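Commentary on secondary and tertiary structure
One-letter residues, chain by chain:
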Amino acid sequence: MKSLIFLAGFLAIGAAVVPPSKVVCYYDSKSYVRESQARMLPLDLEPALSFCTHLIYGYAGIQPDTYKMVSLNENLDIDRSHANYLAITGMKRKYPALTVLLSVGGHADTEGLEKYNLLLESPQARTAFINSGILLAEQHGFDGIDLAWQFPEFKPKKIRSSWGSFWHGVKKTFGSTPVDEKEAEHREGFTALVREMRQALNVKPNKQLSISILPNVNATVYFDVPAIINLVDIVHIGAYDYYTPERNPKEADYSTPIYTPQNRNPLLNADAAVNYWLQGGAPAQKLILAIPTFGRTWKLDSESEIAGVPPLHADGPGEAGPYTKIEGILSYPEVCAKLINPNHQKGMLPHLRKVTDPSKRFGTYAFRLPENDEGGIWVSYEDPDTAGQRAAYVKSKSLGGVSIVDLSMDDFRGLCTGDKYPILRAAKYRL
Ligand SMILES: *[C@@H]1O[C@H](CO)[C@@H](O)[C@H](O)[C@H]1NC(C)=O
């Protein structure tokens, strides 16, 4: 009996100490202007919101001449006709526990890319950005700001060299061409930006600051963990898109591995990305691991190895999906539709063969070899099973939670099996 009481007390303390896992949901406002089945309206978010602890509105941008943080689509975000900022932050009335942040950058801001670097070099530009950003967020009811800073990406590397042997190791292939000659200055500038943003937010009640690390940004270069970790509430680790058809058009490979597959660069996987922050002294609870809801697709041709095992020869990005209409990308419901050919209907393309990974370390892929006139396709993607595996990884490392990148590419209509948001749900249940 005594031991039972002791146990109960212990469990109660345990529950109090470990905060509940976070489920950070990215909302990409571009989904509002897609067509037909891919068009997501604020109402479509509702079935997701009982699972999300945080909602991140993507994305605001930077005005090149003034360095102010601004809406990239005022007509949608701000003007009275849609007033999407207010529509989204207004979700808090029904879901009061939800934290809604306004994110800036996220690769959505495509005009004059050097402004992200220039801003970090200038204290005046940082001040203009911070003041305008906080005002924009406050005026529209956001709980804070997320910095999805558009740092320069490192150069993609071939897995296999021209003579056919596999990747040889860090020394031989890395560090030759610097992408950013002022790396150190930009690292310091970002630390200053975070510090100044925190100070400015501190005078407001309950305002949060998070950062999102975009894929293929070298965190070692730009993020000074000990200097910034106490200033931010959350770090969203964008551990996806390690291989993409844009960056690696001739080689298809797992785009979102948890661990390194054999003979690959040991830095390009979720575990390595997480360890960088842990080794820098970040509390595990502040780290959130991304789960992408879209697949990366490559065209296969007659030179592609017929077994389909990655890495394999490819011929650029796969065709755009019928709904999302972006080359090299298929949303989860678009992948799902390609896996099933109901009743083997005539005239429909043969379905893709799905290959799961029993080790649960690298991810799932599906493919169809080129045949007669039909092109071949290879897709690396997350499904509810692999989303659950990533959530299980997060749990095993006692990280803060997962992020869903993004809601509009999950099956928000339930086209695949009838369940809405299957990837979000699978991740949530495994946390
Ligand atoms: C990131 O930068 C570090 C330090 O310069 C370097 O050792 C590492 O190879 C880089 N990582 C990638 C993936 O390029």
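The structure contained in this document is the topic of the report that follows. (Residues numbered from 1 in each chain as written. Predicted model: local features only at pLDDT ≥ 70, side-chain atom pairs only at ≥ 80, totals over all residues. Heavy atoms only, no water.)

This part takes up the nonpolar core. One finds F129, L147, W149, F190, F223 and W277 to be the most contacted residues of the largest nonpolar core, which totals 117 residues. If we skip the residues at most four places from it in the chain, F190 touches L120, L147, W149, F151, I211, Y222, F223 and I228. (Core = buried A, V, L, I, M, F, W, Y, C linked by side-chain atoms within 4.5 Å. Buried < 20%, exposed > 50% of the residue type's maximum accessible area, 1.4 Å probe, protein only. Contact = heavy atoms within 4.5 Å.)

What follows is about helix α11 (residues 270-279). Taken residue by residue, α11 has A270, D271, A273, V274 and W277 as its buried positions. Buried positions in α11, seen along its axis, are confined to an arc of 165° and lie on one side of it. Where the residues of α11 are buried, they touch β6 (208-213), α9 (219-222), α10 (225-228), β7 (234-237), β9 (287-292) and α13 (384-396). Measuring from the backbone nitrogen of D271 back to the side-chain oxygen at the start of α11 gives 3.2 Å, which picks out N269 as the cap. (Helix = DSSP H or I, 4+ residues; strand = E, 2+ residues; numbered from the N terminus. Arc of directions from axis to C-beta. Polar contact = N/O pair within 3.5 Å; in protein donor to acceptor, adjacent residues only side chain to side chain.)

We now examine empty space enclosed by the protein. Taken as a whole and judged by the stated rule, the model has 4 cavities of 30 Å³ or more. Partitioning the lining of the second largest cavity into residue classes produces 6 nonpolar, 4 polar and 3 charged. (1 Å grid on protein atoms, 1.4 Å probe; cavity = no way out; pocket = protein on both sides within 12 Å on 5 of 7 lines; lining within 4 Å. Points joined across faces, edges and corners; volume = space filled by probe spheres on them. Nonpolar A, V, L, I, M, F, W, Y, C, P; charged D, E, K, R; others polar.)

The next thing to look at is the packing of helix α6 (residues 123-139) against helix α8 (residues 183-202). Packing of α6 against α8 brings their axes to within 10 Å, and their N-to-C directions diverge by 40°. One element, α6, and the other, α8, form an angle in the oblique class. Read as a crossing pair, α6 and α8 show a hand that is right-handed. Residues R126, F129, I130 and I134 of α6 form the contact with α8, whose participating residues are G189, A192, L193, E196, M197, A200 and L201. A breakdown of the residues in the contact of α6 with α8 according to their chemical character gives 8 nonpolar, 1 polar and 2 charged. (Axes fitted to C-alpha atoms, helices over the stretch in contact; angles between N-to-C directions. Parallel < 35°, antiparallel > 145°, perpendicular 65-115°, else oblique. Left-handed = near helix turned anticlockwise from the far one by under 90°.)

This model, assessed by the stated rule, comprises 2 disulfides. The disulfide partner of C336 is C416, and the S-S distance across this bridge is 1.7 Å. Judged by the sign of its S-S torsion, about 65°, the bond between C336 and C416 is right-handed. On the criterion of sequence distance, the pair formed by C336 in helix α12 (residues 332-339) and C416 in the loop between β16 (401-405) and α14 (422-430) is long-range, its members being 80 residues apart. By relative accessible area, C336 is classed as buried at 6%. Once the disulfide-bonded cysteines of the protein are ranked by sequence position, their pairing pattern turns out to be 1-2, 3-4. (Disulfide = S-S within 2.5 Å.)

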